[in-house]
Amino acid sequence: MSTGFTIYHPEGDQPSTPKKVPHHGGAANPSAAAIAARFPGAVVRSAVVWGETTVFVVADQLHAIVQWLHEEPSECYDYLSDVTAVEYRDLAQPMEVVWHLRSVKHRRFLRLKVQLAKGAPLAVPSVWDIYKGADWLERETYDMFGITFTGHPDLRRILLWESFQEGHPLRKDFPLRGRFSRSQQLTNALSAAPEARYSMEELSIADAFEDLPLDMRARLAGGDRTGE
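Here is a short report on the structure shown in this document. Small disclaimer: the values here were computed from a predicted structure and weren't measured.

Here is what the cut-offs are and how they apply
- Residues numbered from 1 in each chain as written.
- Predicted model: local features only at pLDDT ≥ 70, side-chain atom pairs only at ≥ 80, totals over all residues.
- Heavy atoms only, no water.
- Core = buried A, V, L, I, M, F, W, Y, C linked by side-chain atoms within 4.5 Å.
- Buried < 20%, exposed > 50% of the residue type's maximum accessible area, 1.4 Å probe, protein only.
- Helix = DSSP H or I, 4+ residues; strand = E, 2+ residues; numbered from the N terminus.
- Contact = heavy atoms within 4.5 Å.
- Salt bridge = Lys/Arg side-chain N within 4 Å of Asp/Glu carboxyl O.
- Pairing = 2+ DSSP bridges.
- Axes fitted to C-alpha atoms, helices over the stretch in contact; angles between N-to-C directions.
- Parallel < 35°, antiparallel > 145°, perpendicular 65-115°, else oblique.
- Left-handed = near helix turned anticlockwise from the far one by under 90°.
- Nonpolar A, V, L, I, M, F, W, Y, C, P; charged D, E, K, R; others polar.

Here we look at the nonpolar core
Next up, step 1: Ranked by size, the top nonpolar core spans 37 residues in total, and within it Leu69, Leu80, Trp99, Leu112, Val127 and Ile147 carry the most contacts.
Next up, step 2: Listed by contribution, the elements that provide at least two residues to this core are α1 (30-38), β2 (52-57), α2 (59-71), β3 (79-86), β4 (95-103), β5 (108-116) and α3 (134-145).
Next up, step 3: The contact partners of Val127, leaving out residues within four places of it in the chain, are Leu62, His63, Val66, Leu80, Trp99, Ala134 and Glu138.

In structure tokens form, the structure reads like this:
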């Protein structure tokens with residue numbers, strides 16, 4: 001006879017899908033006002049769009065704000081769901097680095113942005129020491145946009161190989177046909193030594209192929225894909 005199980009019924013109001021949310025305006029996330037009060041002068045502006053609050057902050061206060069949002073019990077943003085960037089076609093409009101934070105306890109979503117002027121160093125503080133999940137997110141933003149996250153322990157490309165010389169594919173100045181001729185690209189690829197960018201621990205995964213189960217070795221050798 002199978003063991004019975006108990007259905008969990010959390011206390012308090014249950015989350016529901018908001019209705020009739022205005023495009024602009026509406027109730028702001030209370031964390032926006034809390035940040036402005038806790039860090040005077042750090043908030044450039046804030047906005048509510050489709051019910052989501054975005055707070056623009058200065059770069060040199062970003063790390064302190066994120067750490068406070070994570071550790072302050074009344075805020076408790078315990079999940080960093082994304083780090084990305086936005087570059088507009090407008091040559092005068094700054095690039096934006098974006099952090100998506102969620103507080104599971106308080107059921108809140110908050111978007112933080114830092115604007116970086118064109119021509120200025122594209123660098124912001126890393127939040128890897130606060131959220132270990134920022135590791136790959138910051139590497140991806142560095143790879144695609146060229147944003148440097150100061151303090152990241154291992155900031156290198158993650159989607160493209162380290163010796164990729166064409167630039168950063170999500171930048172507006174990225175050359176769709178490449179900066180180099182095909183022959184030069186082939187020369188660069190053949191002369192690269194990608195293994196030199198990885199630790200012995202990472203390379204040991206390849207060495208462990210012979211120790212894998214027979215069915216897994218057969219699948220990998222056959223070139224099948226699992227959808228990962």
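Additional details are given in the paragraphs that follow.
Comments concerning the pattern of salt bridges
Next up, step 1: Counted according to the given criterion, the structure contains eight salt bridges.
Next up, step 2: A salt bridge links Lys113 to Glu96; its shortest N-O distance comes to 3.0 Å. Of this pair, Lys113 sits in strand β5 while Glu96 sits in strand β4, placing them 17 residues apart in sequence.
Next up, step 3: You can call Lys113 buried: its relative accessible area is 13%.

Section: the sheet that holds β5
Next up, step 1: Sheet architecture is open: five strands sit in the order β1-β2-β5-β4-β3, paired in mixed fashion. Two strands close off the open sheet at either side, each with one partner strand: β1 (43-49) and β3. Going across the sheet, the axis of each strand differs from the next one's by a mean of 20 degrees, ignoring polarity.
Next up, step 2: Here β2 pairs with β5 via four bridges, running parallel. Among the inter-strand pairings, Thr53 is bridged to a residue of β5, identified as Leu110.
Next up, step 3: Across the sheet, α1 lies against β1, β2 and β5, angled at about 50 degrees from β5, the strand it touches most.
Next up, step 4: Contacts from α3 reach β3 and β4, with the element oriented near 5 degrees to β3.

Topic: the environment of Ala134
Next up, step 1: Relative to the helices and strands, Ala134 is located in helix α3.
Next up, step 2: Residues Ala134 and Leu80, spaced 54 residues apart in sequence, show a C-alpha to C-alpha distance of 7.3 Å.
Next up, step 3: Sequence-distant contacts of Ala134, defined by excluding residues within four places in its chain, comprise Leu80, Val127 and Trp128.

So, the packing of α1 against α2
Next up, step 1: Packing of α1 against α2 leaves a shortest axis separation of 11 Å and a crossing angle of 125 degrees. Looking at the two axes, α1 sits oblique to α2. Our pair here, α1 against α2, has a crossing hand that is right-handed. Residues Ala34, Ile35 and Arg38 of α1 form the contact with α2, whose own contacting residues are Ile65, Trp68 and Leu69.
Next up, step 2: Among the residues making up the contact of α1 with α2, the classes are represented as five nonpolar, no polar and one charged.

Some words on the environment of Leu170
Next up, step 1: Tracing the chain through its elements places Leu170 in the loop between β7 (148-150) and α4 (182-191).
Next up, step 2: We classify Leu170 as partly exposed; its relative accessible area is 45%.
Next up, step 3: Along the sequence, Leu170 and Phe145 sit 25 residues apart, while their C-alpha atoms lie 5.6 Å from each other.
Next up, step 4: Apart from the residues within four sequence positions on either side, Leu170 is in contact with Glu87, Met144 and Phe145.

Considering the environment of Ala92
Next up, step 1: With respect to the helices and strands, the residue Ala92 is situated in the loop between β3 and β4.
Next up, step 2: As for Ala92 and Gly119, which are separated by 27 residues in sequence, their C-alpha atoms are 9.9 Å apart.

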